[in-house]
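# Structure assessment
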Amino acid sequence: MISHPSRHCTVELQALPSRIGQVRRIVSAQLRYWHMDSLIDRAALGVTELLTNVHLHAQPDKTCTVEIELLLDRLTVSVRDHDPRLPVVDDAEPLATCGRGLSMVASLSESWGARPDGESGKVVWFTLPTASGAPVTAPPVSARPPRRLVEEVPAAAFAAEVEHAVGLRGPQPAPARSAVAG
């Protein structure tokens, strides 16, 4: 079900991968209709992350409601589901393939949060400033996760470690190949 009052849009769905892409397109189209093209990329990315969390983590079902509301100086995007557990921001390992969604939402938005919704659900939301509102600025440094420093390793030492790890006994010549086709 989709409702389109003046500056408000609500979409109810099952958070399945095919539906997530459809909602992303609905959000993008609605923002174009409201002449808020500058918010499309961040809003689409943020709603994708929130819906992916519903798909991956929500219990007992994947039913949820996406709501976008445009006020004078900000856009609010919220996702309501039927799982009362509030989300946890993970400190993902550098090579992890998941666990960064809420950190991404925090970095692309002006503010974000989660709140219980009755006894059997929650709402996770984020806001984006509109062009007529405050300028888009990076969040304060204290709001970002701490940066990890990578120890510098001299190139020769790194090459020796790689050779040892893969069992090479020195540089191996590459097979000869012609750059000319045919």
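Here, the structure is the one placed above.
This write-up is about the structure you can find in this document. Because the structure is a prediction, the values reported are computed rather than measured. (Residues numbered from 1 in each chain as written. Predicted model: local features only at pLDDT ≥ 70, side-chain atom pairs only at ≥ 80, totals over all residues. Heavy atoms only, no water.)

## Some remarks on the pattern of salt bridges
Applying the stated criterion across every chain, the model contains five salt bridges. The shortest N-O distance in the salt bridge between lysine 122 and aspartate 81 comes to 3.0 Å. Taken together, the residues span a long stretch of sequence, with lysine 122 in strand S6 (residues 122-129) and aspartate 81 in strand S4 (residues 74-81) at a distance of 41 residues. With a shortest N-O distance of 2.6 Å, arginine 85 and aspartate 83 are connected by a salt bridge. Here the residues in one salt-bridge network are Asp73, Arg74 and Glu110, joined through shared partners. (Salt bridge = Lys/Arg side-chain N within 4 Å of Asp/Glu carboxyl O. Helix = DSSP H or I, 4+ residues; strand = E, 2+ residues; numbered from the N terminus.)

## Concerning the nonpolar core
Among the nonpolar cores identified, the biggest contains 32 residues, and Val23, Leu31, Trp34, Val47, Leu51, Leu75 and Val79 are the most heavily contacted of them. Sorting the residues of this core by element identifies strand S2 (8-14), helix H1 (17-33), helix H2 (40-57), strand S3 (63-70), S4, helix H3 (101-108) and S6 as the ones contributing at least two each. When residues of this core are assigned to their parent elements, the largest contribution, six residues, is made by H2. In this structure valine 23 touches Val11, Leu13, Val47, Leu51 and Val66, once residues within four positions along its chain are discounted. (Core = buried A, V, L, I, M, F, W, Y, C linked by side-chain atoms within 4.5 Å. Buried < 20%, exposed > 50% of the residue type's maximum accessible area, 1.4 Å probe, protein only. Contact = heavy atoms within 4.5 Å.)

## Examining H3
Considered for burial, the residues of H3 that qualify are Gly101, Leu102, Val105 and Leu108. Buried residues along H3 cover an arc of 130 degrees about the axis, so they all sit on one side. Close packing links the buried residues of H3 with H2, strand S5 (111-116) and S6. (Arc of directions from axis to C-beta.)

## So, unusual backbone geometry
The phi angle of most residues is negative, glycine excepted, and most peptide bonds adopt the trans form. Of the consecutive residues glutamine 59 and proline 60, the connecting peptide bond is found in the cis state with omega at 5 degrees. Structurally, proline 60 is set in the loop between H2 and S3. One non-glycine residue, histidine 35, adopts positive backbone phi at about 60 degrees. Tracing the backbone through its elements, the reader meets histidine 35 in the loop between H1 and H2. For histidine 35, a relative accessible area of 68% puts it in the exposed group.

## A word on the layout of surface pockets
Taken as a whole, the second largest pocket holds about 520 Å³ of empty space. Those elements that provide at least two residues to the lining of the second largest pocket are H2, S4, H3 and S6. Ranked by residue count, the leading element in the lining of the second largest pocket is H2, at seven residues. Counted by class, the lining of the second largest pocket contains 13 nonpolar, six polar and seven charged residues. (1 Å grid on protein atoms, 1.4 Å probe; cavity = no way out; pocket = protein on both sides within 12 Å on 5 of 7 lines; lining within 4 Å. Points joined across faces, edges and corners; volume = space filled by probe spheres on them. Nonpolar A, V, L, I, M, F, W, Y, C, P; charged D, E, K, R; others polar.)

## Re the packing of H1 against H2
Their axes nearest at 9 Å, the elements H1 and H2 cross at an angle of 155 degrees. Comparing the axis directions of H1 and H2 gives the class roughly antiparallel. The hand of the H1/H2 crossing is right-handed. For the pair H1 and H2, the contacting residues are Pro17, Ile20, Val23, Arg24, Val27, Ser28, Leu31 and Arg32 in the first and Ile40, Ala43, Ala44, Val47, Thr48, Leu51, Thr52 and His55 in the second. Residues that form the contact of H1 with H2 fall into these classes: ten nonpolar, four polar and two charged. (Axes fitted to C-alpha atoms, helices over the stretch in contact; angles between N-to-C directions. Parallel < 35°, antiparallel > 145°, perpendicular 65-115°, else oblique. Left-handed = near helix turned anticlockwise from the far one by under 90°.)

## Here we look at the packing of H2 against H3
Where H2 meets H3, the closest approach of the two axes is 9 Å, and the angle between their N-to-C directions is 155 degrees. Classified by the angle their axes make, H2 and H3 are roughly antiparallel. Note on packing geometry: the crossing formed by H2 with H3 is left-handed. The segment H2 lies against H3, with Arg42, Leu45, Gly46, Glu49, Leu50 and Asn53 engaging Gly101, Leu102, Met104, Val105 and Leu108. Across the contact of H2 with H3, the residue classes tally to six nonpolar, three polar and two charged.

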